[in-house]
Amino acid sequence: MNGDGGTAARRGFATRAVGYLAPSHLDEDEVLLDARTRGTEFGCAPIDPAEGAALRFLATALRARAVVEIGTGAGVSGQWLLRGMAPDGVLTSIDIEPEHQRAARAGFREAGYPSGRLRLINGIALEVLPRLADGAYDLVFADAATVEYPRYLDAAIRLLRPGGVVALCGVPTADELDSYEAGPEARALLEVHQACREDERLVPLPQATTGLLIAARTAAA
Ligand SMILES: C[S@@+](CC[C@H](N)C(=O)[O-])C[C@H]1O[C@@H](n2cnc3c(N)ncnc32)[C@H](O)[C@@H]1O
């Protein structure tokens with residue numbers, strides 16, 4: 001094959017690959033769209049489909065049977081997580097707003113998940129997290145109060161088994177953070193970046209853009 005042919009082949013491959021990853025591949029079905037509508041009505045912004053697909057991927061790769069979610073909202077992220085989790089996996093999801101969790105529960109029921117797969121805890125995240133068992137979880141996902149992210153990360157390190165993964169939602173890259181206005185949220189975001197980079201109990205996944213900040217829990221004590 002000459003150089004042009006090779007280039008064309010590569011272009012052809014690239015086109016198909018991009019097609020596969022195009023938004024149509026990430027289209028949300030009726031269950032997710034209903035949950036998204038409810039979340040938007042409540043004013044609690046649901047995760048976007050790419051983040052949802054990343055959570056489903058993580059839950060699948062980890063064969064997650066025990067997941068903690070901080071910030072149930074109306075259940076968009078929960079639906080994505082459940083789709084990746086093991087068939088008998090239990091999603092423990094915390095939210096301060098009972099109305100949000102009622103909507104999420106209705107969506108989980110509509111999607112056919114039995115109540116035994118859901119542990120929805122109504123409460124303040126930093127009060128509920130200490131009650132959850134050490135080293136018992138495969139995945140911790142946080143999407144609640146940004147200023148509390150450093151403390152969610154501390155909790156996640158305690159809750160995760162070795163090889164478990166923590167994902168923090170809506171985190172800008174370290175470079176993007178440079179242009180953020182100084183304040184409690186920026187400080188919290190900087191702190192989680194530093195912790196992911198420096199804490200020997202964490203192995204961070206580099207970020208390309210604002211979105212999920214992901215790190216795996218090592219076996220270090
Ligand atoms: C952005 S929404 C979550 C959206 C959800 N992850 C989804 O994709 O559908 C944030 C949620 O966190 C909850 N929340 C905020 N602060 C909290 C706290 N300190 N403790 C528990 N829940 C909290 C809010 O009530 C809200 O439902």
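In the block above lies the structure referred to throughout.
Residues numbered from 1 in each chain as written. Predicted model: local features only at pLDDT ≥ 70, side-chain atom pairs only at ≥ 80, totals over all residues. Heavy atoms only, no water.

## Some words on unusual backbone geometry
Point 1. Positive phi outside glycine occurs at Arg63, with the angle close to 50°.
Point 2. In this structure, Arg63 sits in the loop between helix H3 (49-61) and strand E1 (66-70).
Point 3. Judged by its relative accessible area of 68%, Arg63 is exposed. (Helix = DSSP H or I, 4+ residues; strand = E, 2+ residues; numbered from the N terminus. Buried < 20%, exposed > 50% of the residue type's maximum accessible area, 1.4 Å probe, protein only.)

## Re the site of the ligand
Point 1. In the vicinity of the ligand lie 21 residues, with Ser77, Asp95, His100, Ala125 and Asp143 positioned nearest.
Point 2. Between the ligand and the protein, one listed contact pairs an oxygen atom with a backbone N or O atom of Val76 at 3.1 Å.
Point 3. Contact between the ligand and Ser77: a nitrogen atom at 2.8 Å from a side-chain N or O atom of the residue.
Point 4. Protein chains bury 88% of the 610 Å² of accessible surface belonging to the ligand in isolation.
Point 5. Structurally, the ligand is housed in the largest pocket.
Point 6. Split into classes, the residues belonging to the shell around the ligand amount to ten nonpolar, seven polar and four charged. (Near = heavy atom within 4 Å. Polar contact = N/O pair within 3.5 Å; in protein donor to acceptor, adjacent residues only side chain to side chain. Areas by Shrake-Rupley, 256 points an atom, 1.4 Å probe, with all protein chains shown as cover. 1 Å grid on protein atoms, 1.4 Å probe; cavity = no way out; pocket = protein on both sides within 12 Å on 5 of 7 lines; lining within 4 Å. Sits in = over half its atoms within 2 Å of the grid points. Nonpolar A, V, L, I, M, F, W, Y, C, P; charged D, E, K, R; others polar.)

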